[in-house]
Amino acid sequence: MLDDALNVLKIIDNNGFKAYIVGGFVRDYLLNNKSSDIDICTNATPRELIKIFPNAKLPRENIGAVTIYYKNIRFEITTFRREVKYINNRKPIEIEYINNLEEDILRRDFTINTLCMDKDKNIIDIINGKDDLNNNIIRCVGNSDYKFSEDALRILRAIRFATKLNFRIDEETQKSILKYKYLLKNISYNKKKEELDKIFTSLNVSYGIKLLKKFGLDKELDIKGLDKLVCTDSLVGIWAQLDAPNYSFNKVAMEQINNIRECIKLDNLDSFVLYKYGLYPNSVAASIKGLSREEVTLRYNNLPIKDIRELKIDIPRILSILNKEAGPFIKDIKDEVSYLVLNNKLINDYSVIEKYVVEKYKTL
């Protein structure tokens, strides 16, 4: 992937412009960390890039960005720019193209994200970002007060990078986080959730939680429960422990969160609980409560049935024998039979179950 990116730089260079790989990829390259996202900056404008790369798209021309596909690899290329005006402490609404790499670098968030690589793989370090990288420091580019008032989401980005890289946040940046954290109220919940998800899924999540609590961001993030949060390798397991009603989740995630919350209150080794909620919610709940996930998994694997569809019961025939119309009592029958089968008090066999139900419910 790097070789392909370098070829993109050479193509731009051969057309009379300058281009560099910038940001996270260069940072991770120097740290020997894997990275699959390569951003490129250039003094070529979007319109000029379209002439160089006929397949270029302009999804965000208003901020000087184009997307190209080179050998089926996606690259985002941004024109050197000065961000003149921001709105709602987040979004740049006015930019100005420039022809100066150093000025483009100065608009970026943290020093470790300002490192560049040219077409010959030379590292360009204009503001000594490599020193902070070597010293494991997250530091704002320039005035940290200005950076966070300009874009408050950078507060969560600082915590995310510190978490991912296990870096410390420098003192001035910490002071500015405390000073401007109230501006997080102006950031959309979707944007905040994107950053929080990356913190919560980090292998170093406990450090990320520690930083969120250190800066007291629960109020600004509209989240309760950070103080009692038990770190787990399940993203929905973390959200299940938090009171965060303003954050949105897809249907599947919300169902998992609700199931985990229920399972936390129940016996995760109980056969019926395992059957009703499934292995994943119970194993996550068990880990949160400090129980053995292995034991939960073993107990689940040994269940006689794991799904209602495995239950040998013929509802139409039972209704016919009982001479009843379908009604809410069907669920009671299924639950009772499931419970008995799960606890080895009834064999999961059509004739056995039919006999039991008819005898039990014939006077219903």
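Residues numbered from 1 in each chain as written. Predicted model: local features only at pLDDT ≥ 70, side-chain atom pairs only at ≥ 80, totals over all residues. Heavy atoms only, no water.

(A) Inspection of the pattern of salt bridges at higher detail. Tallied over the entire structure, the rule returns 22 salt bridges. Of the charged contacts in the structure, one is a salt bridge between Lys164 and Asp28, with a shortest N-O distance of 3.7 Å. With Lys164 in helix α7 (residues 153-165) and Asp28 in helix α2 (residues 24-30), the pair connects residues that are 136 residues apart, well separated along the chain. Taking relative accessible area as the criterion, Asp28 reaches 2% and is therefore assigned buried. Linking Arg309 and Asp307 is a salt bridge whose minimum nitrogen-to-oxygen distance equals 2.9 Å. (Salt bridge = Lys/Arg side-chain N within 4 Å of Asp/Glu carboxyl O. Helix = DSSP H or I, 4+ residues; strand = E, 2+ residues; numbered from the N terminus. Buried < 20%, exposed > 50% of the residue type's maximum accessible area, 1.4 Å probe, protein only.)

(B) Summary view of the nonpolar core. Formed by 74 residues in total, the largest nonpolar core has its most connected members in Ile21, Leu196, Phe200 and Leu212. Looking at this core, the element that brings in the most residues is α7, giving eight residues. Setting aside residues no more than four positions away along its own chain, Ile21 makes contact with Leu2, Ala5, Leu6, Leu9, Val26, Ile38, Asp39, Ile40, Leu115, Cys116 and Met117. Core analysis: the next-biggest nonpolar cluster, separate from the first, contains 24 residues, Leu311, Leu319, Val341 and Leu342 among them. (Core = buried A, V, L, I, M, F, W, Y, C linked by side-chain atoms within 4.5 Å. Contact = heavy atoms within 4.5 Å.)

(C) Quick look at unusual backbone geometry. The backbone of Asn128 sits at a positive phi, close to 60 degrees, despite the residue not being glycine. Phi angles above zero are rare outside glycine, and Asn166 is one such case at about 60 degrees. Take Asn166: it is sitting in the loop between α7 and β11 (168-169).

(D) Examining the packing of helix α15 (residues 279-288) against helix α16 (residues 293-301) more closely. As a packed pair, α15 and α16 sit with axes 9 Å apart at the nearest point and diverge in direction by 155 degrees. When the interaxial angle is binned, α15 and α16 end up roughly antiparallel. Taken as a pair, α15 and α16 cross one another with a handedness that is right-handed. Listed contacts from α16 to Leu279, Asn282, Ser283, Val284, Ala286 and Ser287 of α15 are Arg293, Val296, Thr297 and Tyr300. Across the contact of α15 with α16, the residue classes tally to five nonpolar, four polar and one charged. (Axes fitted to C-alpha atoms, helices over the stretch in contact; angles between N-to-C directions. Parallel < 35°, antiparallel > 145°, perpendicular 65-115°, else oblique. Left-handed = near helix turned anticlockwise from the far one by under 90°. Nonpolar A, V, L, I, M, F, W, Y, C, P; charged D, E, K, R; others polar.)

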